[in-house]
Each structure stands twice: as C-alpha cells, then as structure tokens.
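Observations on the three-dimensional arrangement
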Amino acid sequence: MLREILAITGKPGLFKIISHNGKTLIVEELTTGKRFPVSPRERVVSLGDIAMYTVNDDKPLGEILDLIYAQENGKTLDVKGIIAEGGLKERFALYLPDFDKDRVHDSDIKKLFTWYNLLVDKGFTKFTEDQKEDSSEEETTESEKA
C-alpha cells in the first residue's frame, strides 16, 4: 500500500502513482487530486522504502504509522501543538521508544507526523501489508517457477 505513495523532493505533500510511461511517472497529489508528470530527474521516494533509525536496527515507516494509528485510535495529531510544546522527540518516543535520538531529527519526526495526518485524513487505516497476503504471493511465485 505504501509502495504506491510517494514523496517528491521539493514538493510538499504526498502523491499516489497513477501510471507510468517509459521513464515518466504520472502522479496524483493526495490532497488536491491534481495529476501531473514527474520526470526522471526529480528525486522520488516511495513511503514503502523509508525506515527510521532505532537503537538496534531500522523500523519500516509502515510499522511506525501503524503504531501511531493504534495509540491515537485513528485520530490525527496536533503537529503544531506538539512543536509549540517543544516535545517532538518526547511524543515520538511514546510510539517508538527505542528510536535513535542522535540520528532521528526533529524535522524527520515533524514530516512523519504530517504524513500520518495526511494519510489518515485520506482514509488510510492500515499502513503495512498483511503477512498472510505476502506469504501467499510468495507461494504462488514459487509454484509458478516449478
């Protein structure tokens, strides 16, 4: 699910992949629904490829978003209020206590909280794929090879 959602450097918000032709992606802005092409020169990253540093290893973004969603009961966060209190890292520690405080910056947390709000506002309720679906796809692939 998060693989289809993109962040584009220099452009605010998140974008959904609509189609691609050759090297150009056609994306739709989640908030406005406006569609436009993205050239190969633009830096694009799928949310499914993002992880955040923890003390032991990296935690995929989808798992972190699921943790926030569960603890907030599906409600959005007051990002401006959290920033005004000066407690971005303290608030993030409620969801991911073992995050690496040296390598995860306030700007990273602010972006994560903003993305979370945007996704929840658009009706997203689950941010990771079910293991059952993944394993059944792998089994199909293996059986096709045989």
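Worth saying up front: this structure is predicted, and the values here are computed from it rather than measured.

1. Regarding the overall build of the protein
Along the protein, the regular secondary structure elements total five helices and seven strands. Shown N-terminal to C-terminal, the secondary structure of the protein runs as helices and strands in the order β-β-β-β-β-β-β-α-α-α-α-α. Sorting the 146 residues of the protein into buried and exposed places 33% on the buried side. When contacts within the protein are restricted to residue pairs at least 6 apart in sequence, those whose partners lie at least 24 apart make up 55%. Counting only carbon and sulfur atoms, one obtains 48% of the accessible surface of the protein, whose full area is about 9300 Å².

2. As for the nonpolar core
Counting residues in hydrophobic clusters, the biggest one holds 31 residues, and the most contacted among them are Leu14, Leu47, Phe92, Leu112, Phe113 and Leu119. Listed by contribution, the elements that provide at least two residues to this core are β1 (5–8), α1 (61–71), α2 (79–85), α3 (88–95) and α4 (106–121). Among the elements that take part in this core, α4 stands out by supplying eight residues, more than any other. Not counting residues up to four positions away in its chain, the partners in contact with Leu112 are Met52, Leu61, Ile64, Leu65, Ile68 and Phe92. Leu6, Phe15, Val27 and Val38 belong to the second largest nonpolar core, which has six residues in total.

Parameters and conventions
- Residues numbered from 1 in each chain as written.
- Predicted model: local features only at pLDDT ≥ 70, side-chain atom pairs only at ≥ 80, totals over all residues.
- Heavy atoms only, no water.
- Helix = DSSP H or I, 4+ residues; strand = E, 2+ residues; numbered from the N terminus.
- Buried < 20%, exposed > 50% of the residue type's maximum accessible area, 1.4 Å probe, protein only.
- Contact = heavy atoms within 4.5 Å.
- Areas by Shrake-Rupley, 256 points an atom, 1.4 Å probe, with all protein chains shown as cover.
- Core = buried A, V, L, I, M, F, W, Y, C linked by side-chain atoms within 4.5 Å.

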